[in-house]
Amino acid sequence: MEIGRTICHQLAHNYFGNLVGMRWWNYAWMTEGFANYHEYFFTSYYLPDFPLKEIFVTDFLQKNLVENSYLMSTSLNKYVETRKEVEDAFDFGMVSKAAGVLRMCDNMVERPTFQKGLQKYVREMAFDVAGPEDFYRSIQAAVDEDKTLPEDIKVADILSSWTDQPGYPLITVMRNYQTNDIVVNQQRFLSSREEFDRDGLSWYIPLSIATAKNPEMMDSKPREWLKRGTRELVIKTIENQTWTSDDWILFNIQQTGYYRVNYDTHNWKLLANDLYKGSPYTIGLINRAQIIDDSFNLAYSDIIQFTIALDIIKYVKYEREYAVWVTAYRHLLNMIRRLDGPSYSLYFGRFLQHLTYDHFDRLDVFENTHGKDEVKDTFLRPIIVDLACRSGSGMCLIATRTMVTAEALTGHVLVPHEKPSIYYCHGLKNADENTFQFFWRKLKSLTNEQERTHITNSISCYHNFNSVYALLLETANPNLVDVFYTNLERFQILMTAARNGNVKAVVHFLRENHEDIARTYTFNIRMEQGLKEISGCLQEEDQKEFAELLQILLAAGHINSNLVERCTIDMEYHRKWVKENKIKIEEWIADYFRPARHNSAMGKIINLPIILFSIAGAFYVVF
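Analysis parameters
- Residues numbered from 1 in each chain as written.
- Predicted model: local features only at pLDDT ≥ 70, side-chain atom pairs only at ≥ 80, totals over all residues.
- Heavy atoms only, no water.
- UniProt positions renumbered as here; feature names shortened; annotations may be inferred.
- Disulfide = S-S within 2.5 Å.
- Buried < 20%, exposed > 50% of the residue type's maximum accessible area, 1.4 Å probe, protein only.
- Phe/Tyr/Trp six-rings, centres within 6.5 Å; stacked < 30°, edge-to-face > 60°.
- Helix = DSSP H or I, 4+ residues; strand = E, 2+ residues; numbered from the N terminus.
- Lys NZ or Arg CZ within 6 Å of the ring centre and 35° of its normal.
- Pairing = 2+ DSSP bridges.
- Axes fitted to C-alpha atoms, helices over the stretch in contact; angles between N-to-C directions.
- Contact = heavy atoms within 4.5 Å.
- Domains from an automatic or database assignment.
- Buried area = accessible area lost by both parts, 1.4 Å probe.
- Salt bridge = Lys/Arg side-chain N within 4 Å of Asp/Glu carboxyl O.
- Polar contact = N/O pair within 3.5 Å; in protein donor to acceptor, adjacent residues only side chain to side chain.

Named according to an unreviewed UniProt entry, the chain is Putative puromycin-sensitive aminopeptidase originating from Lutzomyia longipalpis. Per UniProt, the chain has the following entry under Sequence similarities (unreviewed entry): "Belongs to the peptidase M1 family."

Next up, the structure:
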């Protein structure tokens, strides 16, 4: 799937970047945005069994919304001149926002019109350089011909509000349950509660709507427009779209709009209750993922109570779609890191095991256990295994440890082909020193890039501080002769350690060896992203040392003050978040498992002979 996307990305550059160039570097989004958008959709034609159109939203667009939720984010068209500014114009936050805006344009003018306008743009600007106004003009010509937008809505006005301004909006939907009127307002979404939009930005926002009575999940054409400069809009029922106080309302169908949506508490509960009914779902796949993503990001930002997000995500115990689990996985991992500590297994670990138990029972840790796997199950399995092991599932931990121990003893590989690093990671967490040393030696001897990646993304999961620290020291040794690590491999080892219980070793390593790290790793954008990630999930006792590390790196010239400010904000926010939310979340989980609510899947007894029998069967096949 990734190979196919890479090929299609480069093919798209034949048109966007080669045939039609960019007028200046601040228009890099016009080449990379198109390539990033089309790599998913071109590939979906060649690999129809892979849910690439859905993955574009759940694994690409939703991640980008996080990147552009800070006050310091910049606009797509911001003028650039220096080398650093040009490099920043190509970073993930910029080019992926461009892809999201282009997808929104595609849907708001309808696909045939968008394609017609795009063809006109490529023909007219072939062997030339273009700016945004050239693209807007071509799309507007196609819109005028097909009449797919209201006459008072112009393409240039819409798109310039997204390309000339930083960030994106949050629309808030408040319902009057007596009159059935809906009031929609817009404001800039900022993820930090310490930041405020003093400029009062606003956008042209396409509003698509579905209701419990009219759940048209494939119709993403805007029903209304919230215009730039307009803060509030009242929406009433019409003949073919009605609702009552007992019906849920859903905005941003197929998440085609580049924005987040908040609702009043009652509507959130109506959506949660509908999801918890399970399959067949009334709410479409992408919108199920959108509801999860919006609710958690709004909760992280203290806009809604965290119990609302938990009420939403509890339904995933029934969810079988890989694309939805991509979103759920991201937020559940985030919660694992935020809630790590002495009470984790009693509360969130228990809840996590409850969500994954039936999925783990169905998928197992081995491939094709119940006949040939469906494509989506092949991709879903490592997600479930990772979460099940992180929940403390005895069945999962025994299986993964047995896999890596068996490989260390026999040399035969038992881990599945899809995301093997997940199985290696959890197996190594509970393995002995001999097993760890086997995989360290194996890494040094491997020459195949893909096989090395499986180990670099897992070996530092090992539980021993001294062993992991010794490995990190080797990666930063500038005088190595017989052993070679690429920059990417070094970073993979470093961040795998940070994400899997070895953050103390990582912080100490960065602090004591930053000069060697600057020569070997280099303090590039990967390191910046890594420091941001670490700052957002530190335990309180580690925050002081990390803050001192940032000052050391700043004084040495390895990082800039903007990064220090961003990490400090994230670190302080995390500290406050844990203080204000952890007890509330644990109380919600305790209430969730009260006998009156339901019989917990945790009541089931783990049958260890079954897993041992499965492993024995795998050995039989190997030998």
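Asker: A description of the state of the cysteines should follow, citing residues and the corresponding values.
Answerer: Applying the stated criterion across every chain, the model contains two disulfides. The partner cysteine of Cys 389 in its disulfide is Cys 396, sulfur to sulfur 2.0 Å. One disulfide, between Cys 389 and Cys 396, carries an S-S torsion of -90 degrees and so falls in the left-handed class. Each member of the pair Cys 389 and Cys 396 is classed as buried. With its sulfur 2.0 Å from that of its partner, Cys 425 forms a disulfide with Cys 461.

Asker: An account of the packing of aromatic side chains is needed here, citing residue identities and associated values.
Answerer: Counted under the stated rule, the structure contains 37 aromatic pairs. A centroid spacing of 5.5 Å and a plane angle of 65 degrees characterise the contact between Phe 50 and Phe 379, whose relative ring orientation is edge-to-face. In this pair, Phe 50 is assigned in the loop between α2 (29-46) and α3 (52-67) and Phe 379 in helix α14 (residues 375-391), connecting sequence segments 329 residues apart. Exposure remark for Phe 379: the relative accessible area of 13% places this residue in the buried category. Judged by centre distance (5.8 Å) and plane angle (25 degrees), the ring pair of Tyr 168 and Phe 189 falls under stacked. Of this pair, Tyr 168 sits in the loop between α8 (155-163) and β3 (169-175) while Phe 189 sits in the loop between β4 (182-188) and β5 (205-207), and the two are 21 residues apart along the sequence. What makes Tyr 168 buried here is its relative accessible area of 0%. Through successive ring pairs, a cluster of aromatic residues spans Tyr 344, Phe 348, Phe 351, Trp 588, Tyr 592 and Phe 593. The positively charged end of Arg 288 is found above the aromatic ring belonging to Tyr 281, 4.1 Å away from the centroid.

Asker: Give me the lowdown on the sheet that holds strand β8 (residues 232-235), citing residues and values where you can.
Answerer: Taken in spatial order, the four strands line up as β8-β4-β3-β10 in an open sheet, and their pairing is mixed. With one partner strand each, in any of the chains shown, β8 and β10 (260-263) form the two edges of the open sheet. Each neighbouring strand pair of the sheet contributes to a mean axis angle of 25 degrees, computed without reference to strand direction. Sheet topology places β3 next to β10; four bridges connect them, and they run parallel. For Leu 170, the partnering residue across the bridge sits in β10 and is Arg 260. Each of β3 and β10 is contacted by helix α9 (residues 265-276), which is oriented at about 105 degrees to β10, the strand it contacts most.

Asker: Explain helix α11 (residues 306-313) to me, using residue names and the numbers behind them.
Answerer: By the criterion of burial, α11 is predominantly enclosed, with six of the eight residues buried. Those residues of α11 that fall on the buried side of the exposure criterion are Phe 306, Ile 308, Ala 309, Leu 310, Ile 312 and Ile 313. Its buried side turned inward, α11 meets α9, α10 (285-300), α12 (322-339), α13 (348-363) and α25 (561-592).

Asker: Please provide a residue-by-residue account of the UniProt feature "domain: Peptidase M1 membrane alanine aminopeptidase" (unreviewed entry) in the chain, values included.
Answerer: Per the UniProt record, "domain: Peptidase M1 membrane alanine aminopeptidase" (unreviewed entry) is found at residues 5-161. When the span residues 5-161 is considered, its composition is 66% helix and 4% strand, and the gap between its end C-alpha atoms is 30 Å.

Asker: So what's going on with the pairing of β3? Residues and values would help.
Answerer: Most of β3 is tucked away, with six of its seven residues classed as buried. Linking β3 to β4, which pair antiparallel, is a turn of six residues; within it Asn 180 sits at a positive phi near 70 degrees.

Asker: An account of the side chain of Asn 581 is needed here, citing residue identities and associated values.
Answerer: Within the element layout of this structure, Asn 581 appears in helix α25. Apart from the residues within four sequence positions on either side, Asn 581 is in contact with Asp 302 and Phe 306.

Asker: A description of the domain arrangement of the chain should follow, citing residues and the corresponding values.
Answerer: You can read the domains of the chain as domain 1 (1-164) and domain 2 (168-307). Summed over the three residues of domain 1 that lose the most area to domain 2, namely Leu 65, Leu 71 and Trp 162, the buried surface amounts to 24% of that side. On inspection of domain 1 and its partner domain 2, the count reaches two salt bridges. Note that Lys 221 and Glu 110 form a salt bridge whose closest N and O atoms lie 3.1 Å from each other. If you look at where domain 1 meets domain 2, you find 16 residue pairs in polar contact (both at pLDDT 80 or more).

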